[in-house]
Amino acid sequence: MSQNQFDKKSQAWSALFSEPMSDLVKRYTSSVFFDKRLWQADITGSLAHAEMLAAQGIISAEDHAAIQKGMAQIWSEIESGAFEWKLDLEDVHLNIEARLTQLVGDAGKRLHTGRSRNDQVATDVRLWLRGEIDLIGELLADLQKSLVDVAEAHADVILPGFTHLQVAQPVSFGHHMLAYVEMFSRDAERFSEVRRRTNRLPLGSAALAGTSYPLDRERVAKTLGMDGVCQNSLDAVSDRDFAIEFTSAASLTMIHISRMSEELIIWMSQNFGFIKIADRFTTGSSIMPQKKNPDVPELARGKTGRVVGHLMGLITLMKGQPLAYNKDNQEDKEPLFDTVDTLKDTLRIFSEMIGGQVNAATGKKEGGISVNAEAMERAALKGYATATDLADYLVKKGLPFRDAHETVAHAVKAAQSHACDLSELPLAVLQGFHASIEKDVYECLSLRGSLNARNILGGTAPAQVRAQVARHRARLG
Ligand code: ARG
C-alpha cells in the first residue's frame, strides 16, 4: 500500500502543494515523538468510532472487522516496540492510520469518515487524561493514608505550632499531619471535578462544524465510558480548558507538597532535629562528610515551580486563539504530560517517605519518617507557647481579654529575664501580675494542658485528633 496518501507526504501533502515541506519545518511541526504516548487512547477512540460507523451503516461490517483486526495488530506492534514511528507522518494519529491502511487497505482509509484530527486529538487527550486522573486519585489516597498513620501514631506528641515561624502555641504533631490530609483531600475532590468535565466526547465535531454523516455520538460516548458529548463542535475541537484545569489542580497539589517539603527540610535541620527521613531519600555531600541532605523534599519544592510553569504555559497557549482549532494546541501535550509524570512520581515518593514501605515478611509499613518527640517538646517549651492559655485563665477569672493579654505580656517579660518558662515562675511571682491567680494555673501552663484544652471540633486536643483519624479512615477505606 505504498501509494497511500500519507506516504506521499514525504513529497507533499496533496496534489495542491507544489513542493514538499522542508526537513526543518517537518521537525518543527511534527509531534509524533511526544504524542505517540496517546496511542492507546487513539486506537480505543478509533475502534469506538468504527463500531458506530458500522452500526449506522456508514461502513460495512467487513470494513469494521478489518479495522478491528488491523488495530489489534497495531496494538501489539506498539506494545512490543516493533511499530515504526515516522516523523514524516507528523503525529500519532497519522502514524496509526497509515499503518492501518497498509495492513487492511481501503477499510483503513474509511476509518476517518466523519472525523477530523481536530476532534480526534481532543478525544484522545481527554481519554488519556481521564485514566491519569484516576491513577492520581489512587496515589492521593495512598499519601493521605500514610499521613493518617503517622498522625494516629503521634496524636499525643507535642510540636511547637508556629505563626510567622515564631513559636505560637503547642499543637499535636498528629494534628499537624492531618492539616495536610485536609489539603490533599480537597485536591482529590478537585481532580474528580476536573474528571467530570474532561470525560466528554468531542468526536462528531469533525474539523469544526460537525459532520454531514449520520453519526451516533451518544453511542460512541457510551462505548468510551464518557459522561456525555460536547454540545458545540467549535468549542469541542478548540478549548483545552480541561487541561488547564487539570494543571491548575496539579499545581495546587504540588504547592501543598511544597509547603510540606519546606517543613520537612526545616524539621530535619540540625537546629530543629524534629524528624529524620530514611537514608534512601537523602544524599551525602561530595566534600562535607557529615552531611545528609533532604534532596527529595528539596526537589519536590523545585518541581512545584516546574508544574506551575506548565500551568502558565497552557493558560498563555489558549489566550488569543480564535475559534476553532489552531495548531497552537499541539503545544498542550508536553506540559500536560510532564505535569502528570512529575505529580505521579512526587505523590508516590512522598507516600513512601512519610509512611514507609510494606515489609513483605511482617506485612507492616516501615521506614517512614521518624519523630523526635523530645526535641519537639523542648522547642515548644522555649517559646512561651502557653501564654495564650494564661490569658484564657485570667479571662475565666473575670478579666477582659485585652487586659489579660497585657498582664500576660508582663509575665512573659519576667520569665524571659529569668530565662525560664512561664510554668517555672513561682506562684507568688505569678500572683504579682494578678491576684486572682491560684495554684491551678500550672495545669493550664503545661503544654499538655494547653493541648487538651483545645478540645473543640477542628482543634488540636489529642481526642479531636483521634476522632479526625477515625473520620479519615472511614472516608479513605
Ligand atoms: N497533532 C495535532 C495536535 O496535536 C493533531 C491535530 C492536527 N489538526 C490539524 N488541523 N492540523 O493538535
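Criteria and cut-off values
- Residues numbered from 1 in each chain as written.
- Predicted model: local features only at pLDDT ≥ 70, side-chain atom pairs only at ≥ 80, totals over all residues.
- Heavy atoms only, no water.
- Helix = DSSP H or I, 4+ residues; strand = E, 2+ residues; numbered from the N terminus.
- Contact = heavy atoms within 4.5 Å.
- Buried < 20%, exposed > 50% of the residue type's maximum accessible area, 1.4 Å probe, protein only.
- Polar contact = N/O pair within 3.5 Å; in protein donor to acceptor, adjacent residues only side chain to side chain.
- Near = heavy atom within 4 Å.
- Areas by Shrake-Rupley, 256 points an atom, 1.4 Å probe, with all protein chains shown as cover.
- Nonpolar A, V, L, I, M, F, W, Y, C, P; charged D, E, K, R; others polar.
- 1 Å grid on protein atoms, 1.4 Å probe; cavity = no way out; pocket = protein on both sides within 12 Å on 5 of 7 lines; lining within 4 Å.
- Points joined across faces, edges and corners; volume = space filled by probe spheres on them.
- Core = buried A, V, L, I, M, F, W, Y, C linked by side-chain atoms within 4.5 Å.
- Salt bridge = Lys/Arg side-chain N within 4 Å of Asp/Glu carboxyl O.

Visitor: Sorry, what's going on with the side chain of Asp-187 here?
Guide: Topologically, Asp-187 is positioned in helix α8 (residues 173-198). Those residues in contact with Asp-187 that sit more than four places away from it in its chain are Leu-140, Leu-252, Thr-253 and His-256.

Visitor: Would you mind showing me how to read the environment of Gln-231 here?
Guide: Inspection of the secondary structure puts Gln-231 in the loop between β4 (228-229) and α10 (233-238). With a relative accessible area of 73%, Gln-231 lands in the exposed category. For the pair Gln-231 and Leu-201, spaced 30 residues apart in sequence, the C-alpha separation works out to 8.9 Å. A polar contact of 3.2 Å, which involves the side chain of Gln-231, links it to the backbone oxygen of Val-229.

Visitor: Would you explain the site of the ligand in this entry?
Guide: If you check the shell around the ligand, you find Ser-31, Asp-35, Asp-91, His-93, Arg-117, Asn-118, Val-121, Tyr-325, Gln-330 and Lys-333 and nothing else. Between the ligand and Asn-118, the relevant distance is 2.8 Å, taken from a nitrogen atom to a side-chain nitrogen or oxygen of the residue. Within the side chain of Lys-333, an N or O atom sits 2.6 Å from an oxygen atom of the ligand. Relative to its free-state accessible area of 340 Å², the ligand is covered by the protein chains to the extent of 86%. Broken down by element, the residue count for the shell around the ligand peaks at 3 residues, all from helix α7 (residues 117-153). Looking at the shell around the ligand residue by residue, the classes come out as 2 nonpolar, 4 polar and 4 charged.

Visitor: It is not clear to me how the layout of surface pockets should be interpreted in this structure. Could you clarify?
Guide: Left-over empty space is what a probe sized like a water molecule reveals as it rolls over the atoms. Counted as a void, the largest pocket has a volume near 380 Å³. Lining the largest pocket are 19 residues, and of these Met-268, Ser-269, Gln-270, Ile-275 and Lys-292 lie nearest its centre. Contributions of two or more residues to the lining of the largest pocket are made by α11 (241-268), β5 (275-276) and β8 (370-371). Together, 15 residues line the second largest pocket, and Val-171, His-175, His-176, Ala-179 and Gly-458 are the ones closest to its centre.

Visitor: Honestly, the nonpolar core in this entry has me stumped. Any pointers?
Guide: Where a protein is soluble and globular, its nonpolar side chains tend to be buried together. If you look at the biggest cluster of nonpolar residues, it comprises 91 residues, and the most contacted ones within it are Ile-96, Leu-147, Phe-173, Phe-191, Phe-246, Ile-275 and Phe-350. When residues in this core are grouped by element, the largest group, 15 residues, is from α7. Ranked by size, the runner-up nonpolar core spans 20 residues in total, among them Tyr-384, Ala-387, Ala-411 and Ile-437.

Visitor: How should the pattern of salt bridges be read in this particular structure?
Guide: For side chains of opposite charge, pairing can occur when their charged atoms come near one another. Under the defined criterion, the tally for this structure stands at 28 salt bridges. One salt bridge connects Lys-26 with Asp-23, and the closest N-O pair in it is separated by 3.6 Å. Remark: Asp-23 and Lys-26 occur in helix α1 (residues 23-29); sequence separation between them is 3 residues, near one turn of the helix. With a relative accessible area of 10%, Lys-26 lands in the buried category. On the basis of relative accessibility, which here comes to 59%, the residue Asp-23 falls in the exposed class. One salt bridge in this structure joins Glu-90 and Arg-117, with 3.0 Å as the shortest N-O distance. With Glu-90 in the loop between α4 (61-80) and α5 (92-104) and Arg-117 in helix α7, this residue pair connects regions lying 27 residues apart in the sequence. You can call Arg-117 partly exposed: its relative accessible area is 24%. What emerges from the salt-bridge pattern is a single network uniting Glu-90, Asp-91, Arg-117 and Lys-327.

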